[in-house]
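Read off the chains here:
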Amino acid sequence: MTLSKNLEKKIAKKIKRCQLLIEKDAETQFSDEPTEFIVICNAGLSTGLQQEALLTEALQHGPIRKVRFPPGKSYSFVQCTSKASAEAMYTALNGVSTLGQDGAVLLLAFCNALPPCLDEPWSNDLPGGLILERDFIDETMENILLQAVNCDDSEETNVQLNKTLKHRKVKHFGYEFVYGTNNVDKTKPLDRKIPFVCNELWNRLQILHPELRWHIPDQLTVNQYDPGQGIPPHVDTHSAFDDPILSLSLGSDIVMEFKQPSSGKQIYVDLPSRSLLIMAGESRYDWTHGITPRKMDTIPSPNGDLTVRKRKLRVSLTFRKLLPNDRCACPFPRLCDTAQQSADEQTNLLECHAAQVEAQNVHRVYNEIAKHFSDTRHSPWPKVEAFVQSLSDGAVLLDVGCGNGKYLASSGRALLLGCDRSEGLLQVCVDRGFNVLQCDCLAVPFRDESVDACISIAVIHHLATDQRRKQAISEMIRVLRPGGKALIYVWAKNQEANAKKSSYLRQNKHNNKPNAENEPSKDSGQVVQAEQVIAGVSDCMLPVHTNRTQFQHQDLLVPWKLRTNDSMEKTTFLRYYHVFEEHELEKLCLASSKNHVELIESYYDQGNWCVVLEKRGR
């Protein structure tokens, strides 16, 4: 088909616009001269283009070596076996083929190479523990098995055991696989047992692989796939089934896709009819497997080029052995439901004990010492006051953890609001005429995007887990308007950053003496028991810090001594702190923001690590 001059010009302009985006996005170098590499500029996975459909049309003009579909992109790549075949494909498809989205024509261009970031999914290196036994059975045994597990059995009376799912028809033996929980109910064995003829399979397997730790299966799921059907990526439930899992393919070849979430690797495995796939170890526990719904598969030909193969009716037999104790002990926690359940239980325990520690060693303490604490906190820190004074007229600032409100009088032009957990400190603010309310910094009662600025000065270090600290930062980001800024201060573990003692250390007279005897001491040998799970246990012994000395631990109790009831004796209150390592606060902020903020500034100020964040616009 010959294109008109005007149409050629329009297509060329569209291709040029696409090239500018793809050059930046995929680091692709385009070529004005023909090469063996072609970019489909306007069609890819995100537009619904299927590589089998592309190959079917492209192969009419010459052999294809590779096809690449970057995840989530609206472009794709083809490598032909020669410049001549690439030119033939370009001439035949560019501006002509209607494989594009909604029937739009394809826009093609030559490039110098495939993007280096795209891995080769057809690899000889199979996932660890994955074994493919081709021709595991002959045609006679294949027919016997198909009859024994017939999914179309008209005499089937229990429709729950012989059903049609969205993607395929299934039938269960031994135990029903419950798709809502991806498990089996061991208390309800089926009358329909695994066909006796399958015993021959175990004998063959033991001869071929005597090294496998194998038990005779007690559960069988039969899947029948019509052409175009598939199964989503999944891992067989760790706590339900032992290792290995066996899958026997009958009736048709199929391409199965394996993905390892921890590494991002993806590997295609071609499963011939009558082959047995053994998923053991890493491949069973740490990789998902699935079948993409389509009517054709892209596969390598014997000479290494790509070709397409039509699918036929396929029946798979998946054999499993139930675990007796419903607990998995594998070393692959990412996809392990047992490990995830343990992690969730530990997290719940952490949160429970963290809240108890904060209630006992933060909230209760500050209520007890509120007046004395306020009397010792007069002067605003200069950089915090400068931040507040930089606000424009009418701007709304929220001081999260405002304490006695010493920053709520720092600007006469902005509307300054404060919130705190301590009733005693809030009463000091009320007596001073400040606008304050009581709340927890983990759940600030302000609407989304309702304030222009936030400050949090010496607050987040009182939260007892990393997750709770993230939550507090997320709350500040939530209430900020786009373009709004937040200033956060936390105590630093290193009180001598930049070779200069902080004011916290300088207030210890012993620290100013030059002799070695008065080097900053370590935390006192005293420890007290707190209901805390920082180290992963429910009753953790937290060290009690020696005031005005260098910190030796990140999680500790800091004394506050207060003379009560007009007596000469002092009562010691212990406040929980998590003191921050360098760069820890920046990482925490970025992890809490979901890419919604930009880190504007990070600095050290008198024993504190400090950051300024700006919320990105929509």
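Use the structure listed above.
Remember, predicted model here, so these are calculated numbers, not experimental data.

The subject of this paragraph is the sheet that holds strand β17 (residues 288-291). Judged by pairing direction, the sheet is antiparallel, and its 4 strands sit side by side in the order β12-β17-β14-β15 without closing on themselves. Each edge of the sheet is formed by a strand with only one pairing partner; in this case those strands are β12 (231-234) and β15 (265-271). Going from strand to strand, the sheet's axes swing by 20° on average, the running direction of each strand aside. Across 2 bridges, β12 lies against β17 in antiparallel orientation. Bridged to Ile231 within β17 is Ile291.

With that settled, consider the packing of helix α10 (residues 466-479) against helix α12 (residues 584-593). Packing of α10 against α12 brings their axes to within 8 Å, and their N-to-C directions diverge by 65°. Of the two possible hands of crossing, α10 and α12 adopt the one that is right-handed. Contact residues: Asp466, Arg469, Lys470, Ile473, Ser474 and Ile477 in α10; Leu588, Cys589, Ala591, Ser592 and Ser593 in α12. The class makeup of the residues in the contact of α10 with α12 is 5 nonpolar, 3 polar and 3 charged.

In this structure, the second largest pocket encloses a volume near 950 Å³. Lining of the second largest pocket is provided by 40 residues; of these, Leu45, Phe69, Pro121, Gln266 and Tyr268 occupy positions nearest its centre. Elements represented by at least two residues in the lining of the second largest pocket include exactly α2 (51-58), β3 (64-68), β12, β14 (254-260), β15, β17 and β18 (296-300). For the lining of the second largest pocket, the element with the most residues is β3, which contributes 4 residues. Across the lining of the second largest pocket, the residue classes tally to 19 nonpolar, 11 polar and 10 charged.

Another aspect to go through is empty space enclosed by the protein. Counting across every chain of the model gives 1 cavity of 30 Å³ or more. Its volume calculated, the largest cavity comes out at about 30 Å³. Surrounding the largest cavity, Val235, Asp236, Ile245, Met279, Ser283, Arg284, Trp287 and His289 form its lining. Class assignment of the residues belonging to the lining of the largest cavity gives a composition of 4 nonpolar, 2 polar and 2 charged.

Sheet architecture is open: 7 strands sit in the order β23-β22-β21-β24-β25-β31-β30, paired in mixed fashion. The two strands at the open ends of the sheet, each matched to only one other strand, are β23 (435-438) and β30 (597-605). Strand-to-strand twist across the sheet, computed as the mean angle between neighbouring axes with direction ignored, equals 15°. Packing against the sheet, α10 makes contact with β21 (396-400), β24 (451-457), β25 (480-491), β30 and β31 (608-615), and its axis sits at approximately 150° to β25.

This paragraph deals with helix α8 (residues 382-389). All of the buried residues along α8 are Val384, Phe387 and Val388. Looking straight down α8, one finds that the buried residues subtend no more than 95° of arc, so they occupy a single side. Buried residues along α8 sit against β21, β22 (415-420), β24, β25 and β31.

A few words now on the packing of aromatic side chains. Both the distance between ring centres and the angle between the ring planes are used here to describe each pair of aromatic rings. Here the structure, examined in full by the defined rule, presents 13 aromatic pairs. Consider the rings of Trp381 and Tyr489, whose centres lie 5.5 Å apart with planes at 35°: the pair is tilted. Taken together, the positions of Trp381 in the loop between α7 (337-375) and α8 and Tyr489 in strand β25 put the pair 108 residues apart, joining distant regions of the chain. Given the relative accessible area of 29%, Trp381 is considered partly exposed. Pairing Tyr604 with Trp609 gives two aromatic rings, centres 4.9 Å apart and planes at 65°, and the pair type is edge-to-face. Tyr604 gets classed as buried once you look at its relative accessible area, which sits at 16%.

Glancing now at the nonpolar core. Counting 34 residues, the largest nonpolar core has Leu398, Val451, Cys454, Ile460, Ile473 and Ile488 as its most contacted members. When residues of this core are traced back to their parent elements, those giving at least two are β21, β22, β24, α10, β25, α12, β30 and β31. It is α10 that provides the largest number of residues to this core, a total of 5 residues. The contacts of Leu398, once residues within four sequence positions are left out, are Leu417, Cys419, Val444, Phe446, Val451, Ala453, Cys454, Ile455 and Val479.

All of the buried residues in helix α5 (residues 199-208) are Leu201, Trp202 and Leu205. Seen end-on, α5 carries its buried residues on one side only, within an arc spanning 100°. Contact partners of the buried residues in α5: α4 (139-148), β13 (245-250), β16 (276-279) and β20 (314-320).

One pass over the full model with this rule turns up 22 salt bridges. In this structure, Arg309 engages Asp270 in a salt bridge whose closest nitrogen and oxygen atoms are separated by 2.7 Å. With Arg309 in strand β19 (residues 306-310) and Asp270 in strand β15, this residue pair connects regions lying 39 residues apart in the sequence. Note on accessibility: Arg309 and Asp270 belong to one class, buried. Note that Asp375 is salt-bridged to Lys371, the shortest N-O span being 3.3 Å. Of this pair, Asp375 and Lys371 both sit in helix α7, separated by 4 residues, roughly a single helical turn. We classify Lys371 as exposed; its relative accessible area is 60%. Through salt bridges with shared partners, one network takes in Glu52, Glu257, Arg294, Asp297 and Arg311.

Parameters and conventions
Residues numbered from 1 in each chain as written. Predicted model: local features only at pLDDT ≥ 70, side-chain atom pairs only at ≥ 80, totals over all residues. Heavy atoms only, no water. Pairing = 2+ DSSP bridges. Helix = DSSP H or I, 4+ residues; strand = E, 2+ residues; numbered from the N terminus. Axes fitted to C-alpha atoms, helices over the stretch in contact; angles between N-to-C directions. Left-handed = near helix turned anticlockwise from the far one by under 90°. Contact = heavy atoms within 4.5 Å. Nonpolar A, V, L, I, M, F, W, Y, C, P; charged D, E, K, R; others polar. 1 Å grid on protein atoms, 1.4 Å probe; cavity = no way out; pocket = protein on both sides within 12 Å on 5 of 7 lines; lining within 4 Å. Points joined across faces, edges and corners; volume = space filled by probe spheres on them. Buried < 20%, exposed > 50% of the residue type's maximum accessible area, 1.4 Å probe, protein only. Arc of directions from axis to C-beta. Phe/Tyr/Trp six-rings, centres within 6.5 Å; stacked < 30°, edge-to-face > 60°. Core = buried A, V, L, I, M, F, W, Y, C linked by side-chain atoms within 4.5 Å. Salt bridge = Lys/Arg side-chain N within 4 Å of Asp/Glu carboxyl O.

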